[in-house]
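Breakdown of the fold
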Amino acid sequence: VHRTPAKIFNALRSAGRMPPDFEETFWIAFRTFRHQRVFCLSKGLVEPLWPISGSKQNSDENYMWPFLGIHIESNTAREIAEGLLHPCKKIPWSEVTEPVVGSDSINTRTLKSHLRHPTLSP
């Protein structure tokens, strides 16, 4: 019945069922998923999944839409995509230390084995 977010919001408002800040939170989530930063293999650049209309190429996207997360340089993103760097720590996998015994996380040896043989479960 309601085919656009605006019509849904109007229907919720008129029914008195619109939670506070729901519309603003919805649009932040919408923009986060639509404009998430991805590494383009063909261009070798980090860019939004869907172009941000009205944005200037040289503007600071972290300032414009901070909910997109911290910008990652293209060279770093390429190395993460190639499996050379840890995606969170941004250091080579060879420098990732093994967790403390009894930790809930898997150990580095198991992780490296899984990366070499993705069909194996860790």
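Quick summary incoming for the structure in this document. (Residues numbered from 1 in each chain as written. Predicted model: local features only at pLDDT ≥ 70, side-chain atom pairs only at ≥ 80, totals over all residues. Heavy atoms only, no water.)

Looking at the environment of Ile80
Worth spelling out the cut-off: Strands here are runs of E lasting at least two residues and helices are runs of H or I lasting at least four, both read from the DSSP assignment and numbered beginning at the N terminus. Classification of residues uses two cut-offs on accessible area relative to the type maximum, computed with a 1.4 Å probe and protein chains only: under 20% is buried, over 50% is exposed, and between them is partly exposed. Contacts are assigned to residue pairs with any non-hydrogen atoms lying within 4.5 Å of each other.
Counting through the fold element by element, Ile80 comes out in helix H4 (residues 74–81). Under the relative-accessibility criterion, Ile80 is labelled partly exposed at 22%. As for Ile80 and Ile91, which are separated by 11 residues in sequence, their C-alpha atoms are 9.3 Å apart. In this structure Ile80 touches Leu85, His86, Pro87 and Lys90, once residues within four positions along its chain are discounted.

Side note on the packing of aromatic side chains
We apply this condition: By convention, a stacked pair of Phe, Tyr or Trp rings (six-membered ring in the case of Trp) has centres within 6.5 Å and planes under 30 degrees apart, an edge-to-face pair has planes over 60 apart, and any other such pair is tilted.
Evaluated as defined, the whole model comprises 6 aromatic pairs. A ring pair is formed by Phe9 and Trp27, whose centres lie 6.2 Å apart and whose planes are at 75°; its orientation type is edge-to-face. On the criterion of sequence distance, the pair formed by Phe9 in helix H1 (residues 5–14) and Trp27 in helix H2 (residues 22–34) is long-range, its members being 18 residues apart. The exposure class of Trp27 is partly exposed, given its relative accessible area of 25%. Ring pairs connect the aromatic residues Phe9, Phe22, Phe26, Trp27 and Phe30, which therefore count as one cluster.

Focus on the pairing of strand E1 (residues 37–40)
Note the following rule: Strand pairing is assigned whenever DSSP detects at least two bridges linking the two strands.
Looking at chain direction, E1 and strand E2 (residues 45–48) are connected through 4 bridges and run antiparallel. What sits directly across from Val38, in E2, is Glu47. In textbook terms, the turn of a hairpin is the stretch between consecutive antiparallel strands, and for E1 and E2 this stretch comprises 4 residues, one of which, Gly44, has a positive phi near 70°.

Considering the side chain of His86
In this fold, His86 is placed in the loop between H4 and helix H5 (108–116). Beyond its immediate stretch of four places on either side in the chain, His86 contacts Ile80, Ile91, Trp93 and Val96.

A closer look at the pattern of salt bridges
Convention followed: One speaks of a salt bridge when a side-chain nitrogen belonging to Lys or Arg is within 4 Å of a carboxyl oxygen belonging to Asp or Glu.
Here the structure, examined in full by the defined rule, presents 4 salt bridges. A salt bridge links Glu79 to Arg78; its shortest N-O distance comes to 3.9 Å. For Glu79, a relative accessible area of 23% corresponds to the partly exposed category. Overall, the relative accessible area of 30% leaves Arg78 in the partly exposed class. The partner of Arg78 in a salt bridge is Glu82, and the shortest N-O contact between them spans 3.0 Å. The class for Glu82 is partly exposed, based on a relative accessible area of 48%. Several salt bridges converge on common partners, so that one network encompasses Arg78, Glu79 and Glu82.

Side note on unusual backbone geometry
Non-glycine residue Asp21 carries a positive phi angle of around 60°. Its place among the elements puts Asp21 in the loop between H1 and H2. Judged by its relative accessible area of 55%, Asp21 is exposed. The residue Lys90 is not glycine, and still its phi comes out positive at about 60°. A residue is classified by how much of its surface remains accessible, and Lys90, at 35% relative accessible area, is partly exposed.

Everything listed here is a matter of coordinates, which is why it stays silent on function.
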